[in-house]
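What the coordinates show
Each chain, written out:
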Amino acid sequence: MAELDRDLPVGEVKTIEQIISDSTGQPRFRSFLIASFAGLALLLAAVGVYGLISFTVAQRIPEIGVRLALGANPWQVFSLVIGQGLKLAALGIVIGLAVAAAATRFMSGLLFNTSATDPVVYASLSALLLTMAVLACYVPARRAMRVDPMTALRSE
Amino acid sequence: MIKLTNIEKSYRHGLSQTFVLRRVNAEIKQGDFVSIMGPSGAGKSTLLHILGMHDSAWTGEYWLFEDPVHQLSAKDRMRVQKQHIGFVFQSYHLLDNLTVYENIDLPLSYRDVKKSEREGMVADILDRFNIVGKKDLFPNQLSGGQQQLVAIARAVVAKPTLILADEPTGNLHTDQGKEIMELFRRLNEAGTTIVQVTHSQANAAYGRRVINLKDGWIVDEN
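Now for a description of the structure that goes with this document. (Residues numbered from 1 in each chain as written. Chains lettered and ligands numbered in written order. Predicted model: local features only at pLDDT ≥ 70, side-chain atom pairs only at ≥ 80, totals over all residues.)

Overview of the overall build of chain A
To be explicit about the condition: Helix and strand definitions follow DSSP, with helices as H or I runs of at least four residues and strands as E runs of at least two, each counted in order from the N terminus. Restricting the calculation to C-alpha atoms gives the radius of gyration, and the globule rule supplies 2.2 Å times the number of residues raised to the power 0.38. Exposure is read from a count of other C-beta atoms within 10 Å of each residue's own; the residue is exposed at 12 or fewer, buried at 20 or more and partly exposed in between. C-beta atoms are placed from the backbone. A pair of residues counts as a contact when their C-beta atoms, built from backbone coordinates, are separated by no more than 7 Å.
Scanning chain A for helices and strands turns up 6 helices and 0 strands. In chain A, the succession of α and β elements from N to C terminus is α-α-α-α-α-α. Over its C-alpha trace chain A gives a radius of gyration of 26 Å, far above what one expects of a compact globule, namely 15 Å for 156 residues. Projected onto its principal axes, the C-alpha positions of chain A cover 95 × 30 × 20 Å. When burial is assessed residue by residue, chain A has 19% of its 156 residues classed as buried. Long-range pairs, those at least 24 residues apart, make up 89% of the contacts in chain A between residues at least 6 apart in sequence.

Quick word on helix α2 (residues 61–69) of chain A
With 7 of 9 residues buried, α2 of chain A is to be regarded as a mostly interior element. Glu63, Ile64, Gly65, Val66, Arg67, Leu68 and Ala69 of chain A are the residues of α2 of chain A that are buried.

Some remarks on helix α5 (residues 144–156) of chain B
Note the cut-off: By this rule the span expected of a helix is its residue count minus one, scaled by 1.5 Å.
Taking 1.5 Å as the rise per residue, α5 of chain B with 13 residues should run 18 Å; its terminal C-alpha atoms sit 18 Å apart, in good agreement. Here the buried face of α5 of chain B lies against β6 (85–88), α3 (100–109), α4 (115–128), β7 (162–166) and α6 (174–189) of chain B.

Quick look at the sheet that holds strand β4 (residues 59–64) of chain B
Residues and elements named next belong to chain B. To be explicit about the condition: A pair of strands is treated as paired once DSSP finds two or more bridges between them.
Strand order in the open sheet formed by 4 strands is β2-β1-β4-β5, with antiparallel pairing between adjacent strands. Of all the strands in the sheet, the pair left with one neighbour each is β2 (16–28) and β5 (67–68). In this sheet, β5 lies alongside β4 in antiparallel orientation, the contact comprising 2 bridges. Each bridged residue has a counterpart across the sheet, and for Trp63 the counterpart in β5 is Pro68.

Focus: the interface of chain B and chain A
For clarity, the threshold we go by: Amino acid classes used here: Ala, Val, Leu, Ile, Met, Phe, Trp, Tyr, Cys and Pro are nonpolar; Asp, Glu, Lys and Arg are charged; the rest, including Gly, are polar.
Residue-level contacts link 15 residues of chain B with 12 residues of chain A. Residue assignment for the side of chain B that touches chain A shows that the elements contributing at least two residues are α2 (74–84) and α3 of chain B. Here the element with the most residues in the side of chain B that touches chain A is α2 of chain B; it accounts for 3 residues. Of the residues that constitute the side of chain B that touches chain A, the class distribution is 7 nonpolar, 5 polar and 3 charged.

Considering the packing of helix α1 (residues 16–59) of chain A against helix α3 (residues 74–102) of chain A
All names here are of chain A. Note the cut-off: Here the axes come from fitting lines to C-alpha atoms, over the contacting stretch only for helices, and the angles between their N-to-C directions go from 0 to 180 degrees. Throughout, the term roughly parallel applies to angles under 35 degrees, roughly antiparallel to angles over 145, roughly perpendicular to angles from 65 to 115, and oblique to all others. For a crossing to be left-handed, the near helix must be turned anticlockwise from the far one by less than a right angle; the clockwise case is right-handed.
For the pair α1 and α3, the least separation of the axes is 11 Å and the interaxial angle reads 140°. Viewed along their axes, α1 and α3 adopt a mutual orientation that is oblique. The handedness of the crossing between α1 and α3 is right-handed. When α1 is examined against α3, the residues Val49, Ile53, Thr56 and Val57 are found in contact with a partner set consisting of Val81, Gln84, Gly85, Leu88 and Ala89. Residue classes in the contact of α1 with α3 are distributed as 6 nonpolar, 3 polar and no charged.

Written out as structure tokens, the structure is:
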């Protein structure tokens, strides 16, 4: 620039990396925010499922005691609790998928280089949610396995 | 059929120990109808739950047929329990969210019985107990007597050799109680061994033997 005109003021000297960063900064920040909120929502969903299943297990202790007294083994009780959590999660996923499918028109404008109806994204997120639900149900289910039928039957 | 030797159960409270059952020795023969009686806190229900293998925190020897229950693992106890024992509770303990049919099917669902076979067994019991018309009702749609009838149907559906009943008429009207006791009498006549806990002399009269407990000790047996 100085060779061309030494009096020409040169402002905003930037490397090409800085220019790219400036142009993608805003969308990158938006993506970060959305991902953070999605992560938080996932965590809240897991805590919610854990709380709900824990509460249900506590409510169902007499029933679990009766089932054990009638011949259920602890693993059958474990499956009962995990099954209940998975049913709940599956219902939530179906509703979530329907809402996501309905929102594709609004979302497609915000997406770059990916489709709003990408089946891999839908499938992997569903699998992630189911895994989270199983993990959230695990502790209450283990607790249900350890119910003492004697105590449970007498608690009613 | 049952042999109990020096059965003891106790709870520790710090340094002290409270005994619920003390040196209980008893024998029950197949086809017997035994009533366990005694005041509240005598250990009647505790003894019944030990016989029913719901309680495993006790000492002594308990033989059921050829099985040394006191030496069995939890898994083997469950196998023996499922093979031989049906349990009837004072407060019925039917599952409120299941229909009469599903409640009766429940013990079979925890045994290795095929679904088609289970359907036949439940249908047979519903018929024997005259409750076919109630199979789709939920427990809260039944009277106390009907609920206990369903609970007994549930206890016998897997064809146990031994029925343990914990004050089976305790929550029932006298007439309903009589019907239930008549049912036990018929089951006993058909070969099922019955051990019941009761406060009622009238109910005990349905049995052949009475074991009296007091403060955890057997004080009288006749």
